[in-house]
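# Observations on chain architecture
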Amino acid sequence: MLRIEKLQAWYGPSHILQGVEMQVGRGEIVCLIGRNGAGKTTTLRSVMGLAGRSTGSVTFEGTSLLPLPTHRRNALGLGYVPEERRIVQGLSVRDNLRLGLLASTHKRREQDVIAEIAETFPRLAERLDQDAITMSGGEQQMLAIARAMVSRPKLIMLDEPSEGIMPVLVDEMFALFARLRDEGTTILLVEQNVELALGIADRAYIMDQGMIVHEGPAKALLADADIQERYCSV
Ligand SMILES: Nc1ncnc2c1ncn2[C@@H]1O[C@H](COP(=O)(O)OP(=O)(O)O)[C@@H](O)[C@H]1O
Ligand SMILES: [Mg+2]
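These figures come from a predicted structure and were not determined experimentally.

## A word on the overall build of the protein
The helix and strand tally for the protein stands at 10 helices and 10 strands. Scaling as 2.2 N^0.38, a compact globule of 234 residues should have a C-alpha radius of gyration of about 17 Å, and the protein matches this with 17 Å. Across the 234 residues in the protein, those meeting the buried criterion constitute 38%. Within the protein, residue pairs in contact and separated by at least 24 positions form 67% of the contacts whose partners lie at least 6 positions apart.

## Description of the domain arrangement of the protein
Along its sequence, the protein is organised into domain 1 (1-77 + 153-234) and domain 2 (85-152). One C-alpha centre belongs to domain 1, the other to domain 2; they are set 23 Å apart. Of the residues lining the interface, 10 residues belong to domain 1; the matching set on domain 2 comes to 10 residues. Residue composition of the side of domain 1 that touches domain 2, by class: eight nonpolar, two polar and no charged.

## Comments concerning the site of ligand 1
Neighbouring ligand 1 are Y11, S14, I16, G34, N36, G37, A38, G39, K40, T41 and T42. Of all elements in the fold, only β2 (14-24) and α1 (40-48) reach the threshold of two or more residues within the shell around ligand 1. Looking at the shell around ligand 1 element by element, the count peaks at three residues for α1. Class assignment of the residues belonging to the shell around ligand 1 gives a composition of three nonpolar, seven polar and one charged.

## A few points about the sheet that holds strand β10 (residues 211-217)
Taken in spatial order, the six strands line up as β6-β7-β8-β3-β9-β10 in an open sheet, and their pairing is mixed. Across the chains shown, the open sheet's two edge strands, defined by having one partner strand only, are β6 (78-81) and β10. Strand-to-strand, the axes of this sheet are offset by a mean angle of 15 degrees, without reference to chain direction. Relative to strand β8 (residues 186-190), strand β7 (residues 155-159) runs parallel, the two sharing five bridges. Following the sheet pairing, D159 is matched in β8 by V190. Relative to the sheet, α1 contacts β3 (29-33), β6, β7, β8 and β9 (203-208), its axis offset from that of β7 by approximately 145 degrees.

## As for the packing of helix α3 (residues 93-103) against helix α4 (residues 110-120)
At their nearest, the axes of α3 and α4 sit 11 Å apart, and the two run at 115 degrees to each other. When the axes of α3 and α4 are compared, the pair comes out roughly perpendicular. As for how α3 packs across α4, the hand of that crossing is right-handed. Along the contact surface, α3 presents R94, L97, R98 and L101, while α4 presents E110, V113, I114 and I117. When its residues are assigned to classes, the contact of α3 with α4 shows five nonpolar, no polar and three charged.

## Digging into the sheet that holds strand β4 (residues 53-60)
Pairing is antiparallel across the open sheet formed by four strands, whose spatial order is β2-β1-β4-β5. Each edge of the sheet is formed by a strand with only one pairing partner; in this case those strands are β2 and β5 (63-64). As paired elements, β4 and β5 share two bridges and run antiparallel to each other. Looking at the pairing, F60 lines up with T63 of β5. Lying on the sheet, α1 is in contact with β1 (2-11), β2 and β4; it crosses β2 at an angle near 75 degrees.

## Quick look at α4
All of the buried residues in α4 are V113, I114 and I117. Down the axis, α4 shows its buried residues gathered within 95 degrees of arc, on one side only. Exposed residues lying more than 90 degrees from the buried face of α4 are Q111, D112, A115 and E119. Tucked into the core, α4 has its buried residues touching α3, α5 (122-125) and α6 (137-149).

Each value, and the rule that gives it
Residues numbered from 1 in each chain as written. Chains lettered and ligands numbered in written order. Predicted model: local features only at pLDDT ≥ 70, side-chain atom pairs only at ≥ 80, totals over all residues. Helix = DSSP H or I, 4+ residues; strand = E, 2+ residues; numbered from the N terminus. Rg over C-alpha atoms; globule rule 2.2 N^0.38 Å. Buried ≥ 20, exposed ≤ 12 C-beta atoms within 10 Å, placed from the backbone. Contact = placed C-beta atoms within 7 Å. Domains from an automatic or database assignment. Nonpolar A, V, L, I, M, F, W, Y, C, P; charged D, E, K, R; others polar. Near = placed C-beta within 6 Å. Pairing = 2+ DSSP bridges. Axes fitted to C-alpha atoms, helices over the stretch in contact; angles between N-to-C directions. Parallel < 35°, antiparallel > 145°, perpendicular 65-115°, else oblique. Left-handed = near helix turned anticlockwise from the far one by under 90°. Arc of directions from axis to C-beta.

This is how it looks when you write it as structure tokens:
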């Protein structure tokens with residue numbers, strides 16, 4: 001579904017991605033792990049057209065992405081929840097979801113969208129009129145994910161969704177990822193919580209210094225303490 005080949009990316013003169021090779025198949029949860037500064041966020045940003053200059057090839061369902069502006073990539077069915085959640089504080093949960101709908105190319109009725117989201121995110125359904133600023137970090141993260149799901153992405157990319165979130169909500173969030181996958185959404189997950197990520201993923205890639213240095217079934221990596229120690233300790 002998503003095929004990344006020889007991807008290189010620069011921020012100004014800094015050469016960050018050095019030829020990334022990755023694939024995500026339809027219906028998979030794939031996780032991308034690696035130390036701080038390895039290039040995980042830059043990879044996701046490159047796929048969305050938000051990094052600096054990128055070369056190589058990124059295709060989504062056969063369409064070449066690198067020449068396209070970000071909104072066209074969204075319209076093809078790519079969703080992205082960045083590290084900074086960009087919840088608009090001072091707006092209600094409902095209004096944040098409306099923003100997701102405005103940004104979406106699907107023209108759907110607002111009440112239908114809200115009803116659908118409320119079913120998937122019961123915690124938000126209870127808080128539709130609450131100011132987003134008054135929600136916990138974990139609830140704000142759920143809202144950021146819900147807002148991305150408003151446009152029904154075929155593939156959603158999540159950048160460290162568990163960061164700074166209470167364990168009980170992290171468990172809820174990972175249960176949600178499993179459910180989204182079961183309902184047909186493909187997931188590319190960047191996570192520092194390696195055990196949790198490998199526990200839910202089908203396959204994993206390990207990145208170091210702008211390159212993929214290891215890949216395999218998540219179960220195999222989960223059992224490989226050596227690799228984890230070498231590449232995943234922050
Ligand atoms: N906007 C930027 N300008 C210059 N360098 C950046 C920028 N964003 C990230 N970098 C650098 O790119 C490298 C990879 O960063 P990043 O992709 O955020 O890594 P990760 O998400 O794996 O922690 C780091 O060395 C970081 O300092
Ligand atoms: Mg990052």
